[in-house]
Amino acid sequence: MACQTAPMTNYGYCDTYFVEKHDDDDGIFARAAADRERARAIAKVQQRHMAQELSQLTSDEYLEDVLDHMEHMESETMPDINSIEIQSEIQWYMRPYLLDFLLEAHHAFQLLPETLFLAVNLLDRYCSKRVVYKRHYQLVGCASLLIAAKYGDRKERVPTIRELKSMCCSLYDDDMFTQMEWHVLQTLNWIVGHPTVTSFLETALSEIGYDPEVDHMAQYISEMALYHKEFISVRPSVMARSSLALARYVLGRPQLVQPEWAARYDSNVVLALSSHLSQPSQALFRKYASPSLSTVSTTVDRFMQKQAAIMAKQNAQFSAPSPAPESQAMMVDGHLEPQTPQKPGYTMAPVGVLTPPITPDKDYYGNANAAYSQGMPARIHGCVTPTPQAGLPQQYVYASYQPSQYP
């Protein structure tokens, strides 16, 4: 009744309180909702593009200031090669074994590339300031990797002490990892930040355009340099530009021209890096043989074989045939059978030597000469650091371990 006595409105006369629903009402509302979602998605994309443009403009404006700060920080956090040289127990032939272990641990936990470079930097800086016993060398490496992962990696990927202890075959107690971590931080005055080679590579590639194969090749060459003491004193900025130049040469890319920052490489460092391409670590070779890393290690191997063939052909044309020197034969065999580089004065480790630590057999503590006569490495219960013996090839020998106060 109320509807009948109401005045006429724009909606016309109504004789009931109920309105009949049409079949196409749902389609109208659905189309309107879809249009709103589409407009919202377009607005998000536009905002993202605007943010990227503003970020790029800001990056270009402050790039020189950022580079100046990074180069200043790298000079403040460089290790001292002379202090490492005077270590009484740590020898250079031990370094490849420890780096193989850190490389495999880094790859197993899927940590960021810069975490490995930061861990090695912390390790070398600690060895520059403290006397390190060889039984603690691996423990310092684990603590450095743990600190580097906590500093810049994802929280869910940071290794736990239990996992590191398992990788070390339970040679160290849980509290030893904690104590060594604290001791490393205290020794370095809690200065952890260090511009790594990866940071400078990202800066260089942002200038010239990103190329994944060149990036992977430069990282492979930079990680190869970690195994050699001659590159410890090379600054990460110089290493990044030099490895990038060598990577572009190996891949046949045109070299950059001055005055770009990425083009200012050190020719001496490039030459030194090229001399080590034929003998990479086996662990490093396997890592970069993965398709996800553009199989750059096999690319370098083919490149070295091609260069050796060219040199052999040139020598055959300009000189009489003569037997190859022993050093050259070792080099050819080296890049065909990648081996860990060794310190001069020590025999080369046989191909296939496992990365330390090797868990000592609890029921076998045989004599070193007996083990050697059977073709097995000698094992005496204790520390994992390999020690050369007179009259025996280089192998893992375990000295008795007793917990002591850190130096």
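Conventions adopted
Here, residues in each chain are numbered from 1, in the same order as that chain's written sequence. Predicted model: local features are reported for residues with pLDDT of at least 70 only, side-chain atom pairs are reported and counted for 80 or more only, and whole-chain, interface and lining totals are derived from all residues. Excluding hydrogens and water, the side-chain values take into account all heavy atoms of the structure. UniProt positions are given in the numbering used here, feature names are shortened, and annotations may be inferred rather than shown by experiment. The helix count covers DSSP runs of H or I at least four residues long, the strand count covers runs of E at least two residues long, and both are numbered beginning at the N terminus. Accessible surface is estimated by sampling points in the Shrake-Rupley manner with a 1.4 Å probe; for residues, cover comes only from the protein chains shown. Note on ring pairs: Phe, Tyr and Trp rings are taken, using the six-membered ring of Trp, and paired if centres are within 6.5 Å. Classes follow the plane angle, with under 30 degrees stacked, over 60 edge-to-face and the rest tilted. Think of it in three bands: with a 1.4 Å probe and only protein chains considered, a residue is buried below 20% of the maximum accessible area for its type, exposed above 50%, and partly exposed in between. Side-chain atoms within 4.5 Å are what join buried Ala, Val, Leu, Ile, Met, Phe, Trp, Tyr and Cys residues into a set we call a nonpolar core. Whether two residues are in contact is decided by their heavy atoms, any of which lying within 4.5 Å being enough. In the analysis that follows, any N or O atom pair within 3.5 Å is treated as a polar contact, provided that within protein one partner can donate a hydrogen and the other can accept it, and provided that, for residues neighboring in sequence, both atoms belong to side chains.

- You'll find the protein chain entered in an unreviewed UniProt entry as Cyclin N-terminal domain-containing protein, with Neodothiora populina given as the organism.
- Of the protein chain, the UniProt comment under Sequence similarities (unreviewed entry) reads exactly: "Belongs to the cyclin family."

**Concerning the overall build of the protein chain**
Reasoning step 1: Scanning the protein chain for helices and strands turns up 16 helices and zero strands.
Reasoning step 2: Roughly 23,000 Å² of accessible area belongs to the protein chain as shown, and the carbon and sulfur atoms make up 55% of that amount.

**Observations regarding the packing of aromatic side chains**
Reasoning step 1: Tallied over the entire structure, the rule returns three aromatic pairs.
Reasoning step 2: For the pair Tyr172 and Phe177, a centre-to-centre distance of 6.0 Å together with 90 degrees between the ring planes defines the contact as edge-to-face.
Reasoning step 3: Arranged with centres 5.2 Å apart and planes meeting at 55 degrees, the rings of Tyr220 and Tyr288 form a pair that is tilted. Separated by 68 residues along the polypeptide, Tyr220 in helix α10 (residues 212-225) and Tyr288 in the loop between α13 (282-287) and α14 (296-318) bring together distant segments of the chain. Summarising the burial analysis for this pair, Tyr220 and Tyr288 share the class buried.

**Remarks on the nonpolar core**
Reasoning step 1: Of all hydrophobic cores here, the largest spans 88 residues; its most connected members are Met217 and Tyr220.
Reasoning step 2: Examining the composition of this core, we find that 10 residues originate from one element, helix α6 (residues 137-152), more than from any other.
Reasoning step 3: Residues contacting Tyr220, with those up to four places away along its chain left out, are Pro280, Leu284, Phe285, Tyr288, Val296, Ser297 and Val300.

**Let's talk about the environment of Ser281**
Reasoning step 1: If you trace the backbone, Ser281 turns up in the loop between α12 (267-274) and α13.
Reasoning step 2: Residue classification places Ser281 among the buried residues on the basis of a relative accessible area of 2%.
Reasoning step 3: Along the chain, Ser281 and Met224 lie 57 residues apart, while their C-alpha atoms are 7.4 Å from each other.
Reasoning step 4: Looking at Ser281, its side chain comes within polar contact range of the side chain of Asp100, at 2.5 Å.
Reasoning step 5: For Ser281, the side chain forms a polar contact with the side chain of Tyr227, separated by 3.4 Å.

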